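Chains, contacts and geometry: an overview
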Amino acid sequence: MSRTVQVSFDCADPNTLAGFWNEVLGYRYDSPPPGFATWEEALDHFGVPEEDRNNASASVDPDGVGPRLWFQRVPEGKVAKNRLHLDVRVATDLSGDERMAALETECARLVGLGGRRVRRFEPEPPMSKGFLVMQDPEGNEFCLD
């Protein structure tokens with residue numbers, strides 16, 4: 001039996017948060033159902049009211065390797081630190097100053113997309129090569145590694 005993982009995000013604005021993570025990971029919005037050229041066309045056909053069209057969104061890895069991301073609107077906001085977070089691995093082949101410079105460059109790009117920088121952790125060999133803690137636009141923590 002084959003199993004896959006979908007990572008689900010509770011959020012206030014599914015389409016916007018999916019767009020942020022698409023940019024972070026190089027993902028794209030999931031395709032509309034077969035027979036429909038766009039999600040708008042599908043939602044029109046299914047009679048989904050305008051006010052309900054941002055209740056959920058999904059993002060997929062265009063190469064089909066990474067997990068699907070599911071974003072669902074919930075009424076409550078985030079109130080505590082995540083118990084689970086994503087590590088976005090952008091500099092695994094680098095070390096020292098070169099690694100930290102690459103992480104800072106990616107951090108600046110993500111801040112420009114609505115992310116927030118939280119804290120920098122310097123390298124502490126052999127246990128850590130250094131990383132940055134960030135938050136997405138709705139406050140979900142993730143690390144640049």
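If you're wondering where the values come from, they're calculated on a predicted model, not measured in any experiment.

Topic: the pattern of salt bridges
- A complete count under the given rule lists 11 salt bridges for this structure.
- Notably, a salt bridge pairs arginine 68 with aspartate 30, separated by 3.1 Å at the nearest N-O pair. With arginine 68 in strand β4 (residues 68–73) and aspartate 30 in the loop between β2 (28–29) and α2 (39–46), this pair connects stretches of sequence that are 38 residues apart.
- Residue class for aspartate 30 comes out partly exposed when judged on its relative accessible area of 21%.

A look at the layout of surface pockets
- Counted as a void, the largest pocket has a volume near 500 Å³.
- Lining the largest pocket are 22 residues, and of these Phe9, Asp10, Lys78, Asn82 and Asn140 lie nearest its centre.
- Secondary-structure elements contributing two or more residues to the lining of the largest pocket are β1 (6–11) and β8 (141–144).
- Of the residues forming the lining of the largest pocket, the biggest block, 5 residues, is contributed by β1.
- Partitioned by chemical class, the residues of the lining of the largest pocket number 11 nonpolar, 5 polar and 6 charged.
- Looking at the lining of the second largest pocket residue by residue, the class counts come to 7 nonpolar, 3 polar and 6 charged.

What counts and how
Residues numbered from 1 in each chain as written. Predicted model: local features only at pLDDT ≥ 70, side-chain atom pairs only at ≥ 80, totals over all residues. Heavy atoms only, no water. Salt bridge = Lys/Arg side-chain N within 4 Å of Asp/Glu carboxyl O. Helix = DSSP H or I, 4+ residues; strand = E, 2+ residues; numbered from the N terminus. Buried < 20%, exposed > 50% of the residue type's maximum accessible area, 1.4 Å probe, protein only. 1 Å grid on protein atoms, 1.4 Å probe; cavity = no way out; pocket = protein on both sides within 12 Å on 5 of 7 lines; lining within 4 Å. Points joined across faces, edges and corners; volume = space filled by probe spheres on them. Nonpolar A, V, L, I, M, F, W, Y, C, P; charged D, E, K, R; others polar.

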